[in-house]
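Take a look at the letters that make up each chain.
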Amino acid sequence: MAATPDTMHWRGVHHLALVTPDMDATVRFWHGVLDARLVTTLATPDFRHYFFEVAPGNTIAFFEFTGKDLDTYAKPAGVPYEKASQFDHLSLHLVDEAALERMRDRLKAHGCEVTDVIDHGFLRSIYFSDPNGIALEASWWTVDPTGRPVDYSDPALFADPDPVPAVVELRENGVLDHTVPTVLVDAIIEDIRRSS
């Protein structure tokens, strides 16, 4: 359930903001292929910002910047790339295996490459990309770990044989010994770990 006694009442992902060099292709893929309704758009002289519904109250949004020639790349999910330290892939939640298979079939029918269903134990997934090279996944929980008490000793859900110290603290004490502070920045920092 809650991570702390003063519970935050999260309601899913409001929006995840990504970048596209081609908003038209993005609309055609997200709305047309994935069936994620385009629900709102806004624009300034500097950018377009479009939002696609993936669940009630949950959207994926894209920026298309005006007159900016931005570097782009494509990478498979779970494969490291030095320029992608803050984003690896986006997984969209589906209700069951049948929905996962329908999404796989829909992608194939639209000429999109997609993997077979991959069984990860507690979830099953398919992997594909959008026209921007963004690595995407569609998943459903075979064992849903959300909305119930957490058992940090459950090997089906906490399978890392050498977990980070914070997980050990949660397993042993039920709470974290400490948290970490952050700072606001007023410019782009290429390597935040070396700048602190």
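Everything below is about the structure shown above.
Residues numbered from 1 in each chain as written. Predicted model: local features only at pLDDT ≥ 70, side-chain atom pairs only at ≥ 80, totals over all residues. Heavy atoms only, no water.

**Remarks on the sheet that holds strand 8 (residues 135-141)**
Here comes step 1: The four strands lie next to each other as 5-8-7-6, forming an open sheet whose pairing is mixed. Only two strands of the sheet have a single partner each, and these edge strands are strand 5 (90-93) and strand 6 (118-119).
Here comes step 2: Note: strand 5 against strand 8, four bridges, orientation parallel. When the bridges of strand 8 are listed, Leu-90 appears paired with Leu-136.
Here comes step 3: Each of strand 7 (123-129) and strand 8 touches helix 2 (residues 97-109); the most contacted strand, strand 7, lies at about 15° to it. (Pairing = 2+ DSSP bridges. Helix = DSSP H or I, 4+ residues; strand = E, 2+ residues; numbered from the N terminus. Contact = heavy atoms within 4.5 Å. Axes fitted to C-alpha atoms, helices over the stretch in contact; angles between N-to-C directions.)

**Brief notes about the pairing of strand 3 (residues 47-55)**
Here comes step 1: As paired elements, strand 2 (residues 38-43) and strand 3 share five bridges and run antiparallel to each other. Counterpart to Leu-42 in the pairing with strand 3 is His-49.
Here comes step 2: What sits between strand 2 and strand 3 in their antiparallel hairpin is a turn of three residues.
Here comes step 3: For strand 3 and strand 4 (residues 58-65), the ladder comprises eight bridges, and the chain directions are antiparallel. Each bridged residue has a counterpart across the sheet, and for Phe-47 the counterpart in strand 4 is Phe-65.

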